Amino acid sequence: MADSVLVIGGGIAGIQASLDLASRGMNVYLVDENPSIGGRMAQLDKTFPTMDCSICILAPKMIECSRHPNIKLLTYSEVQEVKGSAGNFEVKILKKPRYVDEEKCTGCGTCAQSCPVEVPNEFDMNIGIRKAIHIPFLQAVPLKYLIDEENCLKCRLCERVCGAKAVNFDQKPETINLNVGSIIIASGFELFDSTKKSEYGYGRYRDVLTSMEFERMLSASGPTGGNLVRLADGKVPNTIVFIQCIGSRSSKDLPYCSSVCCMYATKEAILIKEHHPESEVYIFYIDLRAFGKGFQEFINRARDEYKIKYIEGHPSRIVEDPKTKNLQVHYEDVVEGDIKNIVADLVVLCPALIPRKGNEKLSKIMNVQLDELGFFKAKDSLLNPIDTNIPGIFICGYCQSPKDIPDSVAQASGAAARAAETIIQATQRGKR
Amino acid sequence: MEFEPKIVGFLCNWCSYAGADLAGVSRIQYPPNIRIVRVMCSGRIDPDFILETLIHGADGVLVMGCHPGDCHYIEGNLHAERKAKMLRNLIAETGLEPERMHLEWVSASEGARFAQLVKEFTDRITKLGPSPISGENPNKVILENLLAAKRTAGDFRLRVIVGRERELVEDKNAYGEKVPQEKLDELLSEAIKTEYTRNRIYNMLEKESLSVRELSKRLDLSTQDVLTNIVVMRKKGMLGVERIEGTTPIYMSLEVR
Amino acid sequence: MATPKKEIPRVGVFVCHCGINIGGVVKVSEVVEFAKTIPDVAYAEANLYTCSSEGISKIKEAIKKYNLNRVVVASCTPRTHEPLFRNACEEAGLNKYLFEMANIRDQCSWAHMHEPEKATTKAKDLVKMAVAKARLLEPQDEPEIDVTPSALVIGGGISGMTAALSMANQGFNVNIVEREPELGGMLAKLHMLCPNFEDASKALSSIVDAVKSNQKINVLTSSEVEDVKGFIGNFDVTVKKDDKPLKLNQGTIVVATGAENFEPINMYGYKSNENVLTQMQLEKLLKTGDLRKPDKVVMIQCVGAREEKGRQYCSRICCGVAIKNALIIKDLYPETELFIIFRDLQTYGQEYEACYTEAREKGVHFIKYTSSNPPEVSSNSEGKLTIKTYDAFLKEMVELESDLVVLSTPLIPQKDAEKLSKILKVPLGSDGFFFEAHVKLRPIDFATDGIFVCGSAHSPKDISESISQALGVASRAAIPMANKHVRADAITSIINEDLCSGCGTCVRICPYGAIQKNEIGIAQVTSVVCKGCGTCAASCPEKAITMRHFTDDQITAQALAALEG
Ligand SMILES: Cc1cc2nc3c(=O)[nH]c(=O)nc-3n(C[C@H](O)[C@H](O)[C@H](O)COP(=O)(O)OP(=O)(O)OC[C@H]3O[C@@H](n4cnc5c(N)ncnc54)[C@H](O)[C@@H]3O)c2cc1C
Ligand SMILES: Cc1cc2nc3c(=O)[nH]c(=O)nc-3n(C[C@H](O)[C@H](O)[C@H](O)COP(=O)(O)OP(=O)(O)OC[C@H]3O[C@@H](n4cnc5c(N)ncnc54)[C@H](O)[C@@H]3O)c2cc1C
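It should be emphasised that the depicted structure is a prediction, and the values quoted were computed from it without experimental measurement. (Residues numbered from 1 in each chain as written. Chains lettered and ligands numbered in written order. Predicted model: local features only at pLDDT ≥ 70, side-chain atom pairs only at ≥ 80, totals over all residues. Heavy atoms only, no water.)

K.L.:
Explanation requested: the domain arrangement of chain A in the structure shown.
P.N.:
When the parts of a complex come together, some accessible area is lost, and that lost area is often used as the size of the interface. All names here are of chain A. Segmentation of chain A into domains returns domain 1 (4–96 + 173–188 + 356–431), domain 2 (110–161) and domain 3 (192–352). Distance from the C-alpha centre of domain 1 to the C-alpha centre of domain 2: 27 Å. Each partner contributes residues to the interface: domain 1 has 13 residues there, and domain 2 has ten residues. For the domain 1 and domain 2 pair, buried surface summed over both sides reaches about 930 Å², with 74% attributable to carbon and sulfur atoms. Counting the surface domain 1 buries against domain 2, the share from its top three residues, Pro-35, Ser-36 and Gln-43, is 44%. Between the two partners, domain 1 and domain 2, sit zero salt bridges. Remark: the boundary between domain 1 and domain 2 carries three residue pairs in polar contact (both at pLDDT 80 or more). For the side of domain 1 that touches domain 2, the secondary structure elements donating two or more residues are helix H2 (54–67) and strand E5 (71–75). A per-class count over the side of domain 1 that touches domain 2 returns eight nonpolar, four polar and one charged. (Domains from an automatic or database assignment. Contact = heavy atoms within 4.5 Å. Buried area = accessible area lost by both parts, 1.4 Å probe. Salt bridge = Lys/Arg side-chain N within 4 Å of Asp/Glu carboxyl O. Polar contact = N/O pair within 3.5 Å; in protein donor to acceptor, adjacent residues only side chain to side chain. Helix = DSSP H or I, 4+ residues; strand = E, 2+ residues; numbered from the N terminus. Nonpolar A, V, L, I, M, F, W, Y, C, P; charged D, E, K, R; others polar.)

Below is the structure:
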């Protein structure tokens, strides 16, 4: 129907846009390439600066999306083709086979218990494990299992134990044709590959983690049950070092600031202190960016109450002691002017948050422009931050420019308003 | 037979109940003694519910809500905390172990924490043993006291103080002043003691009309205490004189709403 | 309210095996047999999956066949499955609030996998508890109220105008109330705009024209909001325009009152030396073309912001603004030497960081100071200014001479923000800006339904962020207006007027402003505003408040059922 909207990306931005549109009576197709909606926010433990539990506040919204009569969830799906113009886009969606009938699956999980294949769990940033038949995480929406074809042994045990007879190895990819009046892109971000900064040993040293891996480790429902441990030896880390701007604000790699890292590092640091008050936490930064509402106050609390140590500077390298697995962090003390080092038990890298690789494909399919970095380009970054070069196609959330959750939510509602305007005016034109 | 405590849990829908679900989904095992009642917000939990549950012989009552700051209804959990504080003080007066009522925060992602807290609480209650008012031979004194406590928790004055605590301490009272927390705590514990005493007197007189001396003996209170309270209670229309024996008035409870 | 005729409860109980998830631990058949013995249970059965389409039709059939008037499903969690089963009831002609769930999977079979006996006992108890509540359940409806499809926008800056235009384009009438004689707000005072150097006057005139020519928008300048009564859908607003009162009936309200720019009286020689300016004053000089060529300009950041005590917050835009104006001066007078003395440079995102890089490439000097060593400004007899500052990179004090010192000062709350917050009954945060319903997920709503906030009234932000929020508000406010009505939750509180003493405890406690006193001082609930937490009921000194669907009787009955037997 032409009074429908296609939302691409089911992170917090896509969810918010969908709910706004659906609750005013418009139809929404919410497409996510992942098997569950939720995006990055589902992976977070707490959120700065309020320390709200992330899944607690997100899950009700996810569930609302799945229940809403005006929202059709198309997960594990990709946009293949877009034709037409504002008020009348024709869209082809490819729904990948889950090998589990979504209608029949009750989400009970018996299948996964019997599945003999264990593989690293992407949702847990590969720290934990999952089965070949799985849901990405326990609060997944839709709560429907899927078989990861690549790792499945086809032993068909799952098929045998499934009381609902939902497993179906004959499922085929399905093409869905939609007619929508407007499109909202909310494809979010991914992480810069920290192995590119070989001086920090990510990928070589077990306890040099990315912030997202660390976030999963902090999460009570994560792979370590919220327990802080060194992956090298299972010990509780006492000295933890955060390094900002891995790949960002750099003429060599990415020239921009990811906008959220100073804050989430502070959040993660506070969480460490809440777990283990006696631990020592250092945050290396270039400029401490605390520009949002309540942010500076949050940093002040971290420094004064939690005794988190902020050090200005960018460490030059990390060396692991092969025996103790301790990590020597070498840096120049900007204040005192000498070369120093800290021996850390664990190091958290805060990598640049970069545009999704898939943006290029979306850009080609829809003719929407990307900026030179690969973010979706606004029609006018100052006065028209939500419109694209194509009328009727709008952008919101991190895929437009780096931003935190509240800014993504506000912008997502903004995109919903623009999409609604498009449809309402197209309908009026149609009537005339 | 081994003692299997009966525990009733009052959980808020958004965080703690979701945390309990997550414990299950994650197959984290915990003792099966708890029976959960779901409410929308921990702020909904009237002290009455807890006392009523204890009066009916629950060995423990576990109240759970969202962590401070996480409340789906902004600050219902903080109201729950104030009520719990009042209840702890009140239960302590009755002779029942106040630990039988416990408040905890659990978020929707803390399945393991939920299981752990339930286990700890169950262990604690198992150690305490059966509630003195459960079983064949309930302790009559404590039961009477709890009934008086329940009346007390329903008392207008206490409910006003607890309901308004946040406003008085953090905002301003009618004279534009803030009340210091200590002062309010003092006021509250004073109010708890007095109202509880009055309700014990009231409940006692409901069953049997008595003199001041007899009341003071049965309730283990000084005659002075009993008398002062009787004066106030008569003013409030809670008590009346049934008859005069010689010069000794014999009091009785009057029906109040 | 008409009291429904008391009917004898006939409860149907459906116990789910959930494949082996429940059935593998709990003896489902035993639970079913037990359920049949509970008073008022008229029917009980087991299902392999109650939530499957087969299970659902069984519920519907049983409702008809056994004349059931209450339904209990013992399966998983109501958090995900209650709506499904409620629908089934509704489809069978039963009010959906006559349904209750017992969570015998997530909170029983899964949590006590190795204790089948005890899990079965617990499952029975949970069913008994659910039945105890179900027996007392009453049908509820979700009343609707009409919404006037018209919005009031308070403040005619870029945020207010953007929100108004979008709402008008969505078909709603809008009234903009602007205190000043002209629309435009802060934007009207600016020269060029970072981060992309658009001309502020051009940007302004295009939107002002669009607003003025839009037939759905009524602009009230030199006006202020005097009084607001009512609630979502029907706000009765009194506006004072040119000292005359004007009454408006509005469905929703948008707060877009912006912010002021802090005046650094007594700081760094401001006011005492005419060559010490704020960025705001510099904008004016640039706009009018009155800036004579300076040899040197020094800009100082965080003047009156990010203080240890007092104004702790960062004003977000000042680093970008300073760099913008430095680049503009560099463009006008390439020989002018420029220094920006800063603490932490807040050039977040792509574009501000690019401006920063450009400024460095063009020779703007950046000197970092620390809050413990703030710069000092003094002037000699010829009016030349000397700036002494600690340089955190060189680790020493440096001294600069300059013709001009420009102070970057923060956006601060409007002086009358508190007055407006009282009129609207919405809160301010500790920083004095309007405080949203939820910092993370409801950043532009107020906790009070039907009132929204955007732009720098919420916190300092640049124009593109203000526009994003303004459009966001245009969506949030459109929801009730597009639906033409709001549907109240059924789970709300009701007040027994005979018991209410008018003490006002509930009025204070309600976080949504859903309870007000009426003319005779008795509390009254606006059900569309009530969110159903029930804190009022648990706190009412007179016990005059009943929570629908979670009444005292229902909750206690459920709890006590756990203790029987
Ligand atoms: C370690 C870390 C901690 C953080 N902590 C906080 C915090 O505490 N507070 C805070 O406010 N912010 C925090 N953030 C930032 C926050 O994660 C983002 O602001 C937020 O997730 C942006 O939401 P989004 O919806 O725009 O994008 P995402 O969350 O990335 O969601 C995008 C969605 O789109 C889908 N998608 C992508 N491409 C396609 C495609 N081509 N087709 C279909 N679907 C597609 C993805 O699968 C995903 O579900 C943190 C970030 C990191 C990295
Ligand atoms: C020196 C300086 C330079 C800046 N440069 C840039 C820049 O280059 N780029 C950029 O993006 N941003 C810049 N900004 C920020 C920009 O000004 C704000 O982002 C923008 O003005 C916010 O718009 P607003 O509509 O929310 O608020 P405002 O512009 O403040 O508008 C609020 C309006 O509400 C009216 N009002 C207030 N109270 C009431 C009331 N009670 N009743 C009725 N009406 C009321 C006011 O009169 C005003 O018209 C700069 C700010 C400053 C101080």
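K.L.:
How should I be thinking about the interface of chain C and chain A in this particular structure?
P.N.:
Counting residues at the interface gives 71 residues for chain C and 72 residues for chain A. Each partner contributes to the roughly 5,600 Å² buried at the junction of chain C and chain A, and carbon and sulfur atoms together form 54% of this total. Contact with chain A buries surface across chain C, with Gln-350, Lys-440 and Leu-441 of chain C losing the most and accounting together for 15% of the total. Between Arg-289 of chain A and Glu-353 of chain C there is a salt bridge, and its shortest N-O distance comes to 2.8 Å. Put simply, chain C and chain A have 35 residue pairs in polar contact (both at pLDDT 80 or more) between them. Going through the elements one at a time, helix H3 (78–91), helix H6 (158–169), helix H10 (351–361) and helix H12 (463–483) of chain C are the ones with two or more residues in the side of chain C that touches chain A. It is H12 of chain C that provides the largest number of residues to the side of chain C that touches chain A, a total of 14 residues. Counted by class, the side of chain C that touches chain A contains 36 nonpolar, 20 polar and 15 charged residues.

K.L.:
Explanation requested: the site of ligand 1 in the structure shown.
P.N.:
Taken together, the neighbourhood of ligand 1 is formed by 37 residues, with Asp-32, Arg-40, Lys-267 and Lys-403 of chain A together with Lys-440 of chain C sitting nearest. Flanking ligand 1 are residues from chains A and C. Backbone polar atom of Glu-33 of chain A to a nitrogen atom of ligand 1: 3.1 Å apart, as the coordinates give it. Contacts to ligand 1 include Asn-34 of chain A, whose side-chain N or O atom sits 3.2 Å from an oxygen atom. Here ligand 1 has 1,000 Å² of accessible area as a free molecule, and 98% of this is covered by the chains. (Near = heavy atom within 4 Å. Areas by Shrake-Rupley, 256 points an atom, 1.4 Å probe, with all protein chains shown as cover.)

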